[in-house]
Amino acid sequence: MGLRMIVTVKQVPDTHNVTGEAMKEDGTVNRAALPTIFNPEDLNALEEALKIKERTGGHVTCISMGPPNAVEVLKECLYRGADDAVLISDRRFAGADTLATSYALKCAIEQAGEYDLILCGRQAIDGDTAQVGPQIAEKLDINQLTCISAVTEIDEESITAKRSVEDGYEIVKSGFPVLLTVTASANEPRSANAKKVMTYKNIGKEICNSSYDESYMAAETCAVISHVKEWNVEAISADPVQCGLSGSPTKVKKIQSVVLTGCESRQIANSETEITNLMNELVSENIIG
Amino acid sequence: MSNKKNVMVFIESRAGKIAEVSLELLGAARDLAGKLGVQVEAVAIGHDLKNELTVLGHYGCQRVYYINDERLAFFSSVPYAKTVVNTIKAHNPGIVLFGATTMGRDVAPRVASALKCGLTADCTDLKIGEHQIKDKTYKNTLLQIRPAFGGNIIATIVSPESVPSMATVREGVMKMITPNPDAAVEIINEACTIADNDFLTEVLEVINEEKAVNLKAAQIIVSAGMGASDPEAIELARTLAAALCGELGCSRPVVDSGILDKDHQVGQTGITVRPNLYIACGISGQIQHRAGMSEAKRIIAINKDPNAPIFAIAHYGIVGDVKDVLTKMINAYKKA
Ligand SMILES: Cc1cc2nc3c(=O)[nH]c(=O)nc-3n(C[C@H](O)[C@H](O)[C@H](O)COP(=O)(O)OP(=O)(O)OC[C@H]3O[C@@H](n4cnc5c(N)ncnc54)[C@H](O)[C@@H]3O)c2cc1C
Ligand SMILES: Nc1ncnc2c1ncn2[C@@H]1O[C@H](COP(=O)(O)O)[C@@H](O)[C@H]1O
């Protein structure tokens, strides 16, 4: 039978290539202007799930909330060995903070059925908040083990894992259901399987609510097999008020590009005399002993 | 007791010892409470902490709600989060602050989710101000300031419509106040009402690993960037650090390329430092690096590129090759 696992994965802007223009006037992110990648630690969460599946058997469902092209990260999940993929997409989810995001993901997880283990990345590199995982766990009223850097033991009854903390680590154990947040040091994510890429490359999405306007993704839907389910607010029985901007208590008040605040600066020539003077000065000011 | 909405700090303790970040947060809370004309409170969860708690008074805390239970001796998500939620519901603080530690980042989101209130992670500054939504003005709102998008922008976040406003703050970001040994804290014992079946995590082992370096405590840091990453340059940086009784730091790519251990990394995703002297060797000075060191009292930058951004925040700029400059510094110091 094995464990029923859910992995949450997010498509994120590649924060290495961000400029001030990446933000819109209203303070939300202009995702369209940015290259996107698979959130790195979500790959570690997926890898851990696939390893557990290899060890104990089981089923891996990947869920992502995002715009239509977030289907790309879900395809990546299928290429690596996930069994199912679900995209939560609806304009009413837009502008969600972590509270609204975790609410939508919680509804989707409940919609997906029974589960034993939920794996999230520790944090997403767009916000670095590390909040969504624990908030999903709270909303499902289940236990959580955060910052997991290794799964040491697992069977159908319980999981034992290594949790990295500031001054070392803890070995913690929990029964199911439980939610894990996984760090980059947990494993080395496998690459896509060439055969699976061929199988899934051209798949489309199976849309569960026809009332939702899907015309803008027509190109994707010329499907061979439908393996990525797409759910909207109704499909996951979510309360629209708790989704998106209206479900988000945090508001962005102001965005500033980072400017260098200059300080009084002295140029020291790269010469023995000037460097010796500088060192002597620092000694006499008791900055160095 | 005042019925004003106070500022509350989550006191973190591990093995019976109060975390430094909690004391730092009390200082920040004192500033915020001063502006709001309210008090600084704290919630402390654990077992046998009573003797430790007096120190909270020295750092500006007026009252601490103390939940003492043997079952709370080790950290466990569900009981800790539920206890904080109960304390918040009972005492209605306007602001709650957590350290952005593994414990704070585990508990705070659960608490925010349970109370359906806003939570801003990893704030680098906290202020009081006002915010307008439609035609309603919210006065005395917590302005939560943090870098976003890999530090490329600075965002000010507010959550005035939900109470309390909650934030996590990283260790080292807020300055600890000078302790006043005469200031007392009122300790209020509260019962732990968590049921046994909420204790869902079993802590089998706690292993302490000594850090190879302690950057946070260092008064002098010599830091190597990609411009000082070959073995010879690293060795020179290490020699200078040793001569000055300082520590060796570095930028992230130096860690990513496996040259130095993560414990050496300064910056947004590394350690925030505030030494007396920071010597940046071959570091370009990207925002993510500066986020961790710009508060150093003195900064010396060594870079061969006169336009490197690091020079904008350096007190002393030396344009030149790192190895050459470091050698001169080591020689000069030996003579000095
Ligand atoms: C989400 C995120 C988080 C990040 N967190 C951190 C963090 O915590 N800490 C951090 O440091 N970075 C962090 N970064 C990376 C950061 O953006 C920079 O890439 C990094 O700080 C650059 O490191 P560097 O200055 O050593 O290297 P480079 O940018 O490559 O600069 C090398 C410098 O050395 C100079 N140089 C080269 N050769 C010599 C020589 N012989 N003599 C003198 N000078 C020389 C060059 O002129 C150049 O200025 C983060 C990035 C992201 C996206
Ligand atoms: N929109 C999303 N869709 C799917 N998973 C998400 C989403 N947002 C966050 N997560 C998950 O929650 C983790 C923490 O995200 P964050 O709180 O944004 O740092 C991520 O690593 C993901 O596993």
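Computed from a predicted structure; not experimentally measured. (Residues numbered from 1 in each chain as written. Chains lettered and ligands numbered in written order. Predicted model: local features only at pLDDT ≥ 70, side-chain atom pairs only at ≥ 80, totals over all residues. Heavy atoms only, no water.)

**With respect to the packing of helix α6 (residues 272–284) of chain A against helix α8 (residues 322–335) of chain B**
One way to put it is that α6 of chain A packs onto α8 of chain B with a least axis distance of 9 Å and a crossing angle of 50°. As far as their axial angle goes, α8 of chain B and α6 of chain A are oblique. Seen along the crossing, α6 of chain A lies across α8 of chain B with a hand that is right-handed. Side by side, α6 of chain A and α8 of chain B meet where E272, I275, T276, M279 and V283 of chain A of the first sit next to V325, K328, M329, A332, Y333 and K335 of chain B of the second. Partitioning the contact of α6 of chain A with α8 of chain B into residue classes produces seven nonpolar, one polar and three charged. (Axes fitted to C-alpha atoms, helices over the stretch in contact; angles between N-to-C directions. Helix = DSSP H or I, 4+ residues; strand = E, 2+ residues; numbered from the N terminus. Parallel < 35°, antiparallel > 145°, perpendicular 65-115°, else oblique. Left-handed = near helix turned anticlockwise from the far one by under 90°. Contact = heavy atoms within 4.5 Å. Nonpolar A, V, L, I, M, F, W, Y, C, P; charged D, E, K, R; others polar.)

**Digging into the nonpolar core**
Membership of the largest hydrophobic core comes to 40 residues, with the highest contact counts inside it found for V7, L46, V60, L117, L119, I159 and L180 of chain A. Once residues lying within four places of it in the same chain are set aside, the contact partners of L46 of chain A are V7, F38, V60, C62, C77, R80 and A82 of chain A. Grouped together as the second largest cluster of nonpolar side chains are 37 residues, I275 of chain A together with A228, I234 and I279 of chain B included. (Core = buried A, V, L, I, M, F, W, Y, C linked by side-chain atoms within 4.5 Å. Buried < 20%, exposed > 50% of the residue type's maximum accessible area, 1.4 Å probe, protein only.)

**Points about the site of ligand 1**
Taken together, 26 residues lie near ligand 1, and S251, T269, S284, Q288 and H289 of chain B sit nearest. Per-site note: the chains with residues close to ligand 1 are chains A and B. Within the backbone of Q268 of chain B, an N or O atom sits 3.0 Å from an oxygen atom of ligand 1. Coverage of ligand 1 by the protein amounts to 81% of the 1,000 Å² it exposes when considered alone. Among the secondary structure elements, those contributing two or more residues to the shell around ligand 1 are α6 (252–256) and α7 (287–290) of chain B. Considered class by class, the residues forming the shell around ligand 1 number five nonpolar, 17 polar and four charged. (Near = heavy atom within 4 Å. Polar contact = N/O pair within 3.5 Å; in protein donor to acceptor, adjacent residues only side chain to side chain. Areas by Shrake-Rupley, 256 points an atom, 1.4 Å probe, with all protein chains shown as cover.)

**Side note on the pairing of strand β6 (residues 95–99) of chain B**
One face of the sheet, then the other: side chains in a regular strand alternate in exactly this way. All names here are of chain B. Where burial is concerned, most of β6 is hidden: five out of the five residues are buried. Neither face of β6 is open: one carries I95, L97 and G99, the other V96 and F98, and all of them are buried. Summarising the sheet, β6 and strand β11 (residues 165–169) pair through five bridges and their orientation is parallel. When the bridges of β11 are listed, V96 appears paired with M166. (Pairing = 2+ DSSP bridges.)

**What to know about the interface of chain B and chain A**
How big an interface is tends to be expressed through the accessible area that disappears when the partners come together. Taken together, the contacts link 82 residues of chain B with 77 residues of chain A. A buried area of about 6,600 Å², summed over both sides, lies between chain B and chain A, and 56% of it is on carbon and sulfur atoms. Our enumeration of links across chain B and chain A arrives at five salt bridges. With its nearest N and O atoms 2.6 Å apart, the salt bridge here joins R298 of chain B to E285 of chain A. (Buried area = accessible area lost by both parts, 1.4 Å probe. Salt bridge = Lys/Arg side-chain N within 4 Å of Asp/Glu carboxyl O.)

**So, the pairing of strand β18 (residues 316–319) of chain B**
Direction of pairing for strand β14 (residues 266–268) of chain A relative to β18 of chain B: parallel, over a ladder of three bridges. Looking at β18 of chain B, one finds that R266 of chain A is bridged to Y316 of chain B. Sheet topology note: the strand β17 (residues 298–303) of chain B/β18 of chain B ladder contains four bridges and is parallel. Its bridge partner lying in β18 of chain B, I302 of chain B is registered against I318 of chain B.

**Notes on the domain arrangement of chain B**
All names here are of chain B. Assigned domains of chain B: these are domain 1 (7–198) and domain 2 (215–335). With centres defined by C-alpha atoms, the gap from domain 1 to domain 2 works out at 33 Å. Across the contact, eleven residues belong to domain 1 and nine residues belong to domain 2. Buried surface at the junction of domain 1 and domain 2, both sides included, amounts to about 820 Å², of which 39% is carbon and sulfur. On the surface where domain 1 and domain 2 come into contact, there are two salt bridges. Residues E24 and K216 are paired through a salt bridge, measuring 3.3 Å at the closest nitrogen-oxygen approach. Counting across the domain 1 and domain 2 interface gives five residue pairs in polar contact (both at pLDDT 80 or more). Within the side of domain 1 that touches domain 2, the residues separate by chemical class into two nonpolar, four polar and five charged. (Domains from an automatic or database assignment.)

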